[in-house]
Amino acid sequence: VQLQASGGGLVQAGDSLRLSCAASGLTFSLYFMGWFRQAPGKEREFVAAISWSGGSTKYADSVKGRFTISRDNAKSTVYLQMNSLKAEDTAVYYCAAESRRWPATKSYEYDYWGQGTLVTVSS
């Protein structure tokens, strides 16, 4: 199983960015997908999750209304659209997959992880 995250970069506060995570080696449509992030010196934290079909989503309070998670099962890809970015959104963002629990907001609940993509927001 491979999860390949991409789309990170350096942006200014207020800008937007879209992350992608392409999955292979698993039946993508049978997995819940999540995004987590880890800022320097902090623990990894939940950002968003999406159900098998994309019909249900869950967000951390800190990103609700600014971030949108979506998925394209035909492309085995999950996305994270990030708008109105803030300096405190700076982190390495990871995508993850799990098949047992909805909604899963703890990192230990996820079976597979991508390598992470760095998002830096300058103020």
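Here the structure is shown first, and the text comes after it.
How each quantity is defined
Residues numbered from 1 in each chain as written. Predicted model: local features only at pLDDT ≥ 70, side-chain atom pairs only at ≥ 80, totals over all residues. Heavy atoms only, no water. Helix = DSSP H or I, 4+ residues; strand = E, 2+ residues; numbered from the N terminus. Rg over C-alpha atoms; globule rule 2.2 N^0.38 Å. Buried < 20%, exposed > 50% of the residue type's maximum accessible area, 1.4 Å probe, protein only. Contact = heavy atoms within 4.5 Å. Areas by Shrake-Rupley, 256 points an atom, 1.4 Å probe, with all protein chains shown as cover. Lys, Arg positive; Asp, Glu negative; His and termini not counted. Charge placed at Lys NZ, Arg CZ, Asp CG, Glu CD. Pairing = 2+ DSSP bridges. Axes fitted to C-alpha atoms, helices over the stretch in contact; angles between N-to-C directions.

Counting secondary structure elements, the chain contains 0 helices and 11 strands. Along the chain, helices and strands appear, N-terminal first, in the series β-β-β-β-β-β-β-β-β-β-β. What you see for the chain is a C-alpha radius of gyration of 13 Å, in line with the 14 Å of a compact globule of 123 residues. Its C-alpha atoms put the chain at 40 × 25 × 25 Å along the principal axes. When the 123 residues of the chain are sorted by exposure, 44% land in the buried category. The long-range fraction of contacts in the chain, counting pairs at least 24 apart against all pairs at least 6 apart in sequence, stands at 57%. Accessible surface computed for the chain: about 6,200 Å², of which carbon and sulfur atoms make up 45%. Charged side chains in the chain number 13 positive and 10 negative. The centres of these two groups are separated by 2 Å.

In terms of residue burial, strand β4 (residues 32-38) counts as a mostly covered element, since 6 of its 7 residues are buried. Both β4 and strand β9 (residues 91-98) contribute to a ladder of 7 bridges, which runs antiparallel. Directly across from tryptophan 35, in β9, lies its bridge partner cysteine 95. Sheet analysis places β4 next to strand β5 (residues 45-50), joined by 5 bridges and oriented antiparallel. Its bridge partner being in β5, phenylalanine 36 is matched across the sheet by phenylalanine 46. Between β4 and β5, which pair antiparallel in sequence order, lie 6 residues; one of them, glycine 41, sits at a positive phi of approximately 75°.

Glancing now at the sheet that holds strand β3 (residues 17-24). Strand order across the open sheet formed by 4 strands is β1-β3-β8-β7, with antiparallel pairing between neighbours. Each having just a single partner strand, β1 (2-6) and β7 (67-72) make up the two edges of the open sheet. Strand-to-strand twist of the sheet, defined as the mean angle between neighbouring strand axes without regard to direction, takes the value 15°.

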